[in-house]
Amino acid sequence: MSSHDAATEAAAASDKRRWIALAIVMTAAFMDLVDATIVNIAIPSIEKDLGASFGAIQWITAGYALAFAAGLITGGRLGDIYGRKRLFLLGTAGFTLASALCGFAANQEMLVGSRLLQGAAAAMMVPQVLSIIHVTFPAHERGKVFGMFGAIIGLGAVSGPLLGALLTQWNIAGLEWRPIFLINLPVGVAALILGRKFITESKAPKALKLDMVGVLLVTTALLMLVYPLTRGRELDWPLWGHLMMAGSLLVFGALVAYEKYKTKKDGSPLVELSLFKVKSFAAGVAVQLTFGVVLGIFFLVWTMYMQIGLGWTPLHAGLTGVPFSIAVSVAAGMSVQKLVPRFGRKVLQAGALTMIAGILLYLFVAGRYGTGIHSWQMIAPLVVMGLGMGLIVAPLTDAVLSEVPKEHAGSASGLINTTGQMGNALGLGLVSVVFFGTIDDEKLAKAPGEVGAAFTDAFQNSLGWAAGVLAVIFLVMFALPAKPKQHVEGGGDDEVVADDTAKEPVLTH
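Structure report, in brief. (Residues numbered from 1 in each chain as written. Predicted model: local features only at pLDDT ≥ 70, side-chain atom pairs only at ≥ 80, totals over all residues. Heavy atoms only, no water.)

The next subject is helix H10 (residues 239–266). Look at H10: 40 Å from first C-alpha to last across 28 residues, which is about the 40 Å you get at 1.5 Å a residue. For H10, every residue scored as buried is listed here: Gly241, Met245, Gly247, Ser248, Val251, Leu255, Glu259 and Lys262. Phi turns positive, to about 65 degrees, at Gly267, one or two residues after H10. (Helix = DSSP H or I, 4+ residues; strand = E, 2+ residues; numbered from the N terminus. Expected span 1.5 Å × (residues − 1). Buried < 20%, exposed > 50% of the residue type's maximum accessible area, 1.4 Å probe, protein only.)

Next comes the structure, spelled out in structure tokens:
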């Protein structure tokens, strides 16, 4: 360690304000984690109140994930260049404003637009959280701090759906679903006031230039792929939709070509293409993308199945999901601390097989009990699925990064996380195919009493798709290293920032 680094460590250790700064950034991270999951449980209430179409419902969830994914790498780079504190405060202000616009949305179009703004603001705010922690705390305290951050992640996963259910069920001041967004206002304002006072500003000394062309290309390609998927069923799958999806592949190709040119020109591409030559990294990106698809499909159709198909209240549905969230948190903690060091890749593969087992059990239970199913009959499949998911989400990033050259660890982490968010947005788009594609609207209009049976069938069809994708994930995992190697922390601030940017867990979005 250099004398400069030692002086920095000593200064950080003596600054007692760092614990207040930690509380502020963790609160902001918690707000984002909850907001990513809180909306699903309120969707039936939003649909009823605003008369939202199925396409709009998908954009309310997919739009947030898409804007978040498209902006993550950019948000991290902007923090490097202009200051992490500045970008954190700017992102928090935007997130708070967007939450207010969501809460006061007069129609479905305003809500969709506000959710896109909220996702874009989160993409500025979230990457700074772990970067600020890294530069605020000395090395010997970071293990404890990141452990606390892991607990916050678990709490966010458990409390998001339940908090959404309670706020919707209570119908505070007759506002129905709106408090799920308005609750962010006092939290956001407090984070802004305290963050300005207690967070220390920091920048990367050798920040790369922002690749605006790369940002534009990746955003355009994603929109061209996801938009036709979300609107296709509603518009009877028009020709322009198929052309847009095919065109997105050309734009992705243009992105690759431009990033090669940018690398030769000034060495500051948005995407470090050389990483894909590392087998474990390429496999890991494929796993992250497809796993994101599974999560995007499952959580939305599960909510609609329980609330619209079975007619359960938001609180009933939210409480039903608690065993699943607890199982994820427990398995995630065990996998990192106990299992992966001993069994390596087999833990992730066991997670995929466990999730498949849980899905097949859910298929059996949903088919056997039909619309008369009770929450307690769902506990077993949900716990099995949750345990499987926990075995995957926590150790995946380390497994993927273990064979990546140290100097590219940051860029690789950013790509992994962004890919997961892309998969999530794609999965939400695919709901129109695997769920709504099996529902006959005209038949239901004539026989409203058949809604429960139709939604149960659609839910089972979606589960079958999810199980199939997980089977593919299990096979791709063979390309991951058998045992993750020990990582050495990168020396440059640029590497650290990008690496920290990426550790935001894919589970939440």
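This part covers the packing of helix H2 (residues 18–50) against helix H8 (residues 184–198). One can describe the packing of H2 onto H8 by two numbers: an axis separation of 9 Å at closest approach and a directional angle of 150 degrees. Taken together, H2 and H8 sit at an angle that is classed as roughly antiparallel. Once H2 is placed against H8, the crossing between them reads as left-handed. Residues Ile20, Ala21, Ile24, Thr27, Met31 and Asp35 of H2 form the contact with H8, whose own contacting residues are Asn184, Val187, Gly188, Ala191, Leu194, Gly195 and Phe198. A breakdown of the residues in the contact of H2 with H8 according to their chemical character gives eight nonpolar, four polar and one charged. (Axes fitted to C-alpha atoms, helices over the stretch in contact; angles between N-to-C directions. Parallel < 35°, antiparallel > 145°, perpendicular 65-115°, else oblique. Left-handed = near helix turned anticlockwise from the far one by under 90°. Contact = heavy atoms within 4.5 Å. Nonpolar A, V, L, I, M, F, W, Y, C, P; charged D, E, K, R; others polar.)

Our next topic: the packing of aromatic side chains. Taken as a whole and assessed by the stated rule, the structure comprises 15 aromatic pairs. By way of ring pairs, the aromatic residues Phe298, Phe299, Trp302 and Phe324 are connected into one cluster. (Phe/Tyr/Trp six-rings, centres within 6.5 Å; stacked < 30°, edge-to-face > 60°.)

Formed by 100 residues in total, the largest nonpolar core has its most connected members in Tyr305, Tyr362, Phe435 and Phe459. The biggest single contributor to this core is helix H11 (residues 279–309), with 14 residues. Excluding residues within four positions of it along the chain, Tyr305 makes contact with Leu310, Tyr362, Ala366, Ile373, Met378, Phe455, Thr456 and Phe459. Ranked by size, the runner-up nonpolar core spans 27 residues in total, among them Leu22, Ala29, Met125 and Ile199. (Core = buried A, V, L, I, M, F, W, Y, C linked by side-chain atoms within 4.5 Å.)

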